[in-house]
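# Analysis of the macromolecular model
Listed below are the residues making up each chain.
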Amino acid sequence: MLENLTPFLVHWGITALSLWVASHIFDGLKFDNASSLIISALLLGFANAIIKPLLIVLTLPLTLLTFGLFLLVINALMILLVAWLVKGFKVSSFWTAFFASIFIALLSLVIGSFVVTDNPATTLQMPRDGLWL
């Protein structure tokens, strides 16, 4: 059971760190205290895991029409939803959420690339015989 909990806690920590850094870069993104930051990171993870896929399916024609750029709008809406739900998390405008969501996604990707996991599903391995096909 602990092996399933560890990746979740690592991802939660990366999201919290990314939100914290974004709050120092973007003036319109504020946390009242550390508990609101931690709750926001947890809720953002749940929103991205549950609500975001539903929104992607519902807006698939618009996403295809905009060549996937509408996914950036969905990311911003997830941050606005979390800000609406968490009392100590404030986002000043849609555009702040839009650019902050891009920054958070990129920073999470960079930080996550440095985190070592033992999960074989996320590890790229060379084939034993040296042939890819």
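First things first, this report covers the structure right here in the doc. (Residues numbered from 1 in each chain as written. Predicted model: local features only at pLDDT ≥ 70, side-chain atom pairs only at ≥ 80, totals over all residues. Heavy atoms only, no water.)

### Here we look at the overall build of the chain
Summing up its helical and strand segments, the chain has five helices and two strands in all. For the chain, the N- to C-terminal ordering of α and β elements is α-β-α-α-α-β-α. The proportion of buried residues among the 133 residues of the chain is 31%. Excluding contacts between residues fewer than 6 apart, the proportion of contacts in the chain whose partners are at least 24 apart in sequence is 62%. For the chain, the accessible area works out to roughly 9,200 Å², and carbon and sulfur atoms hold 74% of it. (Helix = DSSP H or I, 4+ residues; strand = E, 2+ residues; numbered from the N terminus. Buried < 20%, exposed > 50% of the residue type's maximum accessible area, 1.4 Å probe, protein only. Contact = heavy atoms within 4.5 Å. Areas by Shrake-Rupley, 256 points an atom, 1.4 Å probe, with all protein chains shown as cover.)

### Observations regarding the packing of aromatic side chains
All chains considered together, the criterion is met by nine aromatic pairs. Seen from their ring centres, Phe94 and Trp95 are 5.2 Å apart, and the 75 degrees between their planes marks the pair as edge-to-face. Among the aromatic residues, those joined into a ring-pair cluster are Phe94, Trp95, Phe98 and Phe99. (Phe/Tyr/Trp six-rings, centres within 6.5 Å; stacked < 30°, edge-to-face > 60°.)

### What to know about the layout of surface pockets
Rolled over the atoms, a probe with the dimensions of a water molecule shows which regions are left empty. Taken as a whole, the second largest pocket spans an internal volume of roughly 250 Å³. For the second largest pocket, the lining is made up of 13 residues, of which Leu44, Asn48, Lys52, Ile104 and Ala105 are closest to its centre. Listing elements by their share of the lining of the second largest pocket, those giving two or more residues are helix H1 (2-25), helix H2 (34-58), helix H4 (70-85) and helix H5 (94-114). Taken together, the residues of the lining of the second largest pocket break down into five nonpolar, seven polar and one charged. (1 Å grid on protein atoms, 1.4 Å probe; cavity = no way out; pocket = protein on both sides within 12 Å on 5 of 7 lines; lining within 4 Å. Points joined across faces, edges and corners; volume = space filled by probe spheres on them. Nonpolar A, V, L, I, M, F, W, Y, C, P; charged D, E, K, R; others polar.)

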